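Single-letter residue listing:
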Amino acid sequence: HHEFRLFVLALDEPTRVVINERADERIFITPLELMETDELCLAKSNRSQLEYYWTLTPYWTRLVLDAFHLPHVAYVDADSFLFAPLDALYREIDHAEIAIIPHRFPQRLKWRERSNGIYNVNFVYFANTRTARLALDDWCDSCLAWCYRKSENGRFADQSYLDVWPRTYQAH
């Protein structure tokens, strides 16, 4: 059984207000400006708002893992709908240090893996272990260096970086 806590990065003030009105003791809200570093602000200046938000994904995940001293963390996109408890997913993860999910494009759209990557950032799990931390740090560095809404040199946004994780970090 996993104790549920929700960590929300409020990307704007209206979001922070709405979430705060509905929050209980399991919901932790962080305004964007509290996590922005000089290097992230520089990235913000050279990419679109959406591209910047994608850049934040690994940084937010790492911040939550560090600030709350968690044994593990699962990043879930804000536009995700969960229709059942995550118990089955956590059973599948078992003792994996990193878990990622493929896009699972239908055969007629399989070509999109070449431009979008094999894996979807919609759900990414990290244990607080050396190997998982190496992957997370590498993801932060990669997204800071390049995170754009275009396919270029095997990269697309924040997600093509995950394609090597099964080989490099034994991601499940």
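Quick note: structure is the one above.
A brief report on the enclosed structure follows. Just so we're clear, the structure is a prediction, and the values are computed from it rather than from any experiment.

Right, let's talk about the pairing of strand β3 (residues 72–76) for a bit. Because side chains alternate across β3, one face comprises the buried residues Val73 and Tyr75, and the other comprises His72, Ala74 and Val76, none of which is buried. Where β3 lies against strand β5 (residues 119–127), five bridges are found, and the strand directions are antiparallel. If you follow Val73 over to β5, its bridge partner there is Phe126.

Both the distance between ring centres and the angle between the ring planes are used here to describe each pair of aromatic rings. If you walk through the whole model with that rule in mind, you get eleven aromatic pairs. With a centroid separation of 6.3 Å and 20° between ring planes, the pair formed by Phe81 and Phe83 is classed as stacked. On the accessibility criterion, Phe83 (78% relative accessible area) is exposed. Between Trp139 and Trp165, the ring centres sit 5.4 Å apart and the planes meet at 90°, which makes this aromatic pair edge-to-face.

Further remarks concern the environment of Thr55. Mapping Thr55 onto the fold places it in helix α3 (residues 49–67). Exposure remark for Thr55: the relative accessible area of 0% places this residue in the buried category. Taking the C-alpha atoms as reference points, Thr55 and Leu40, separated by 15 residues in sequence, lie 8.2 Å from one another. Within polar-contact distance, the side chain of Thr55 engages the side chain of Arg47 at 2.8 Å.

Helix length check: α3 (19 residues) gives 25 Å between terminal C-alpha atoms against 27 Å at 1.5 Å per residue, within 8%. At Thr57, α3 shows its maximal kink, close to 35°; a proline, Pro58, follows between one and four residues later. Positive backbone phi, at 50°, marks His69, one or two positions downstream of α3.

Nonpolar side chains tend to gather and get buried jointly when the protein is soluble and globular. Core analysis: the biggest nonpolar cluster contains 37 residues, and Ile98, Phe126, Trp139 and Trp165 have the highest contact counts within it. The set of elements that each furnish at least two residues to this core consists of β1 (6–10), α3, β3, β4 (98–102), β5, α6 (130–145) and α7 (165–169). Considering every element that reaches this core, the biggest residue donor is α3, with seven residues. Contacts of Trp165, omitting those with residues within four sequence positions, involve Ile98, Ile100, Val124, Phe126, Ala135, Trp139, Gln170 and Ala171. Residues Ala96, Phe123, Tyr125 and Ala127 belong to the second largest nonpolar core, which totals seven residues.

In a pair of packed helices, the angle between the axes and the distance between the axes together describe the arrangement. Two elements in contact, helix α2 (residues 38–45) and α3, have axes separated by 9 Å at closest approach and are oriented at 155°. One way to sum up the angle between α2 and α3 is to call them roughly antiparallel. Note that α2 runs across α3; the crossing there is right-handed. Of α3, the residues touching α2 (which contributes Glu39, Leu40, Ala43 and Lys44) are Tyr52, Thr55, Leu56 and Tyr59. Tallied by class, residues from the contact of α2 with α3 come to five nonpolar, one polar and two charged.

Before going further, it helps to examine a negative patch on the surface. A contiguous patch of negative charge on the surface is contributed by Asp38, Glu39, Asp138 and Asp141. Sorting the residues of the negative patch by element identifies α2 and α6 as the ones contributing at least two each. Residue placement: Asp38 occurs in helix α2. For Asp38, a relative accessible area of 73% puts it in the exposed group.

So, how was this worked out
- Residues numbered from 1 in each chain as written.
- Predicted model: local features only at pLDDT ≥ 70, side-chain atom pairs only at ≥ 80, totals over all residues.
- Heavy atoms only, no water.
- Buried < 20%, exposed > 50% of the residue type's maximum accessible area, 1.4 Å probe, protein only.
- Helix = DSSP H or I, 4+ residues; strand = E, 2+ residues; numbered from the N terminus.
- Pairing = 2+ DSSP bridges.
- Phe/Tyr/Trp six-rings, centres within 6.5 Å; stacked < 30°, edge-to-face > 60°.
- Polar contact = N/O pair within 3.5 Å; in protein donor to acceptor, adjacent residues only side chain to side chain.
- Expected span 1.5 Å × (residues − 1).
- Bend = angle between axes of the 7 residues up to and from the residue.
- Core = buried A, V, L, I, M, F, W, Y, C linked by side-chain atoms within 4.5 Å.
- Contact = heavy atoms within 4.5 Å.
- Axes fitted to C-alpha atoms, helices over the stretch in contact; angles between N-to-C directions.
- Parallel < 35°, antiparallel > 145°, perpendicular 65-115°, else oblique.
- Left-handed = near helix turned anticlockwise from the far one by under 90°.
- Nonpolar A, V, L, I, M, F, W, Y, C, P; charged D, E, K, R; others polar.
- Patch = residues over 30% accessible without salt bridge, like charges linked within 9 Å, V, L, I, M, F, W, Y side chains within 5 Å.
- Areas by Shrake-Rupley, 256 points an atom, 1.4 Å probe, with all protein chains shown as cover.
- Salt bridge = Lys/Arg side-chain N within 4 Å of Asp/Glu carboxyl O.
- Lys, Arg positive; Asp, Glu negative; His and termini not counted.
- Charge placed at Lys NZ, Arg CZ, Asp CG, Glu CD.

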